[in-house]
Structures are given as C-alpha cells and as structure tokens.
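Now for the letters of each chain:
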Amino acid sequence: MEQWMNMISDIGFPILVSFYLLHRVEVKLDAIHDVLVSLK
C-alpha cells in the first residue's frame, strides 16, 4: 500500500501541475482568438 501512495504522490503532482498549466494556456488562447476574431 505504501508503494502505491508513493507512486501516486510522485506521479499525481506533476499531472496536476500539467493540467493547471494547460488550463492557463487555454484561457490565454481563447483571449487571443477573441481578439483576432474582433479584428476582422
């Protein structure tokens, strides 16, 4: 059981950080898309 907890803590944190960063990038890409659409 302890091995599973270590594996989850080692792998889960980087996955969580990756999802957080992807979400931030997505928000910024949406803002860029809106600006580009409004320029037309």
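Residues numbered from 1 in each chain as written. Predicted model: local features only at pLDDT ≥ 70, side-chain atom pairs only at ≥ 80, totals over all residues. Heavy atoms only, no water.

Participant: Residues and numbers for the overall build of the protein, please.
Facilitator: For the protein, the helix and strand inventory stands at one helix and zero strands. By principal-axis analysis of the C-alpha atoms, the protein measures approximately 60 × 10 × 5 Å. Burial status across the protein gives 0% buried among its 40 residues. Entry remark: accessible area of the protein is about 4100 Å², with carbon and sulfur atoms responsible for 72%. (Helix = DSSP H or I, 4+ residues; strand = E, 2+ residues; numbered from the N terminus. Buried < 20%, exposed > 50% of the residue type's maximum accessible area, 1.4 Å probe, protein only. Areas by Shrake-Rupley, 256 points an atom, 1.4 Å probe, with all protein chains shown as cover.)

Participant: Can you break down a nonpolar patch on the surface residue by residue, with the values?
Facilitator: Residues W4, M7, I11, I15, F19 and L22 make up a contiguous nonpolar surface patch of about 670 Å² in total accessible area. Within the element layout of this structure, M7 appears in helix α1 (residues 2–39). The class for M7 is partly exposed, based on a relative accessible area of 40%. (Patch = residues over 30% accessible without salt bridge, like charges linked within 9 Å, V, L, I, M, F, W, Y side chains within 5 Å. Salt bridge = Lys/Arg side-chain N within 4 Å of Asp/Glu carboxyl O.)

Participant: Run through α1, naming residues and quoting values.
Facilitator: Its 38 residues give α1 an end-to-end C-alpha distance of 56 Å, which sits within 8% of 56 Å, the value for a rise of 1.5 Å per residue. Along α1, the sharpest change in direction is near 25° and occurs at G12; proline P14 comes one to four residues later. (Expected span 1.5 Å × (residues − 1). Bend = angle between axes of the 7 residues up to and from the residue.)

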